[in-house]
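Descriptive analysis of the structure
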Amino acid sequence: AVEALADLSEDDPEALRRFLTHERADVRARAGAALAELGAPDAEADLVRALDDPGAVVRRSAATTLGWWFPRRRNAELRRLLQDADPDVRLAAADALALVEDDAALDVLRQRVRAGRTDDAWEQAFSRLARLAGPADRDLLAARAGWPNRRRRRAAALAGLARLGAAAAVQTL
């Protein structure tokens with residue numbers, strides 16, 4: 001319903017904005033993201049308010065959307081979410097910060113990679129960590145730079161090691 005309304009309300013986002021207070025968290029999350037996609041006035045402010053929503057799915061969506069549509073403009077608010085009780089919210093904030101190469105995301109990314117569950121969120125965290133990695137992350141990257149490994153994971157690890165100056169990784173790429 002939110003998607004259909006978003007398609008119909010390009011010129012009048014107020015109908016969509018009413019869903020920001022819907023009882024279901026997934027509806028609130030999608031409404032905020034849709035407002036940003038539409039370029040609605042005050043969408044950024046709506047998303048900032050959503051960072052304090054009781055629903056983790058709303059906070060996660062708001063962090064992701066702010067990072068995507070308003071990069072670098074809300075880093076302070078995203079840094080605050082790095083302490084959120086929900087690990088997926090922390091990861092979304094870390095990802096948004098990593099996209100603009102903000103080192104505040106490193107600890108959350110390292111924790112997620114060390115946790116070892118290799119799902120899609122792990123893959124995302126690993127590729128962002130490879131992009132921001134410092135010398136302390138060399139072992140984490142090296143552990144995934146060899147074969148057998150998923151190709152994308154291996155490429156991210158090698159790219160991170162190459163960025164850190166590992167000659168063997170540069171030659172392998």
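Check the entry above for the structure.
Residues numbered from 1 in each chain as written. Predicted model: local features only at pLDDT ≥ 70, side-chain atom pairs only at ≥ 80, totals over all residues. Heavy atoms only, no water.

**Focus on the overall build of the chain**
Counting its secondary structure elements, the chain contains 12 helices and 0 strands. In sequence order, the secondary structure elements of the chain are arranged as α-α-α-α-α-α-α-α-α-α-α-α. For the chain, the C-alpha atoms occupy an extent of roughly 55 × 30 × 25 Å along the three principal directions. When burial is assessed residue by residue, the chain has 49% of its 173 residues classed as buried. Excluding contacts between residues fewer than 6 apart, the proportion of contacts in the chain whose partners are at least 24 apart in sequence is 45%. Carbon and sulfur atoms provide 49% of the accessible area of the chain, an area that totals close to 9300 Å². With 28 positive and 28 negative side-chain charges, the chain shows a spacing of 8 Å between the two charge centroids. (Helix = DSSP H or I, 4+ residues; strand = E, 2+ residues; numbered from the N terminus. Buried < 20%, exposed > 50% of the residue type's maximum accessible area, 1.4 Å probe, protein only. Contact = heavy atoms within 4.5 Å. Areas by Shrake-Rupley, 256 points an atom, 1.4 Å probe, with all protein chains shown as cover. Lys, Arg positive; Asp, Glu negative; His and termini not counted. Charge placed at Lys NZ, Arg CZ, Asp CG, Glu CD.)

**With respect to the layout of surface pockets**
Considered as a void within the structure, the largest pocket measures approximately 160 Å³ in volume. As for the largest pocket, its lining consists of 13 residues, of which Leu20, Asp46, Arg49, Ala50 and Asp53 are closest to the centre. Where the lining of the largest pocket is concerned, the elements lending two or more residues are α3 (25–38), α4 (43–50) and α5 (56–69). Among the elements that line the lining of the largest pocket, the one with the most residues is α4, at 4 residues. Each residue belonging to the lining of the largest pocket can be placed in one class, and the counts come to 6 nonpolar, 3 polar and 4 charged. (1 Å grid on protein atoms, 1.4 Å probe; cavity = no way out; pocket = protein on both sides within 12 Å on 5 of 7 lines; lining within 4 Å. Points joined across faces, edges and corners; volume = space filled by probe spheres on them. Nonpolar A, V, L, I, M, F, W, Y, C, P; charged D, E, K, R; others polar.)

**Let's talk about the packing of α5 against helix α7 (residues 87–99)**
In contact at an axis separation of 8 Å, α5 and α7 are set at 5° when each is read in the N-to-C sense. As summarised for this structure, α5 and α7 are arranged roughly parallel, according to the angle between their axes. Residues Ala56, Arg59, Arg60, Ala63, Thr64 and Gly67 of α5 form the contact with α7, whose own contacting residues are Asp88, Val89, Ala92, Ala93 and Ala96. (Axes fitted to C-alpha atoms, helices over the stretch in contact; angles between N-to-C directions. Parallel < 35°, antiparallel > 145°, perpendicular 65-115°, else oblique.)

**Looking at unusual backbone geometry**
Phi at Arg72 is positive, roughly 70°, even though this residue is not glycine. Even without a glycine there, the phi angle at Glu101 is positive, about 55°. For Glu101, the position within the fold is in the loop between α7 and α8 (106–115).

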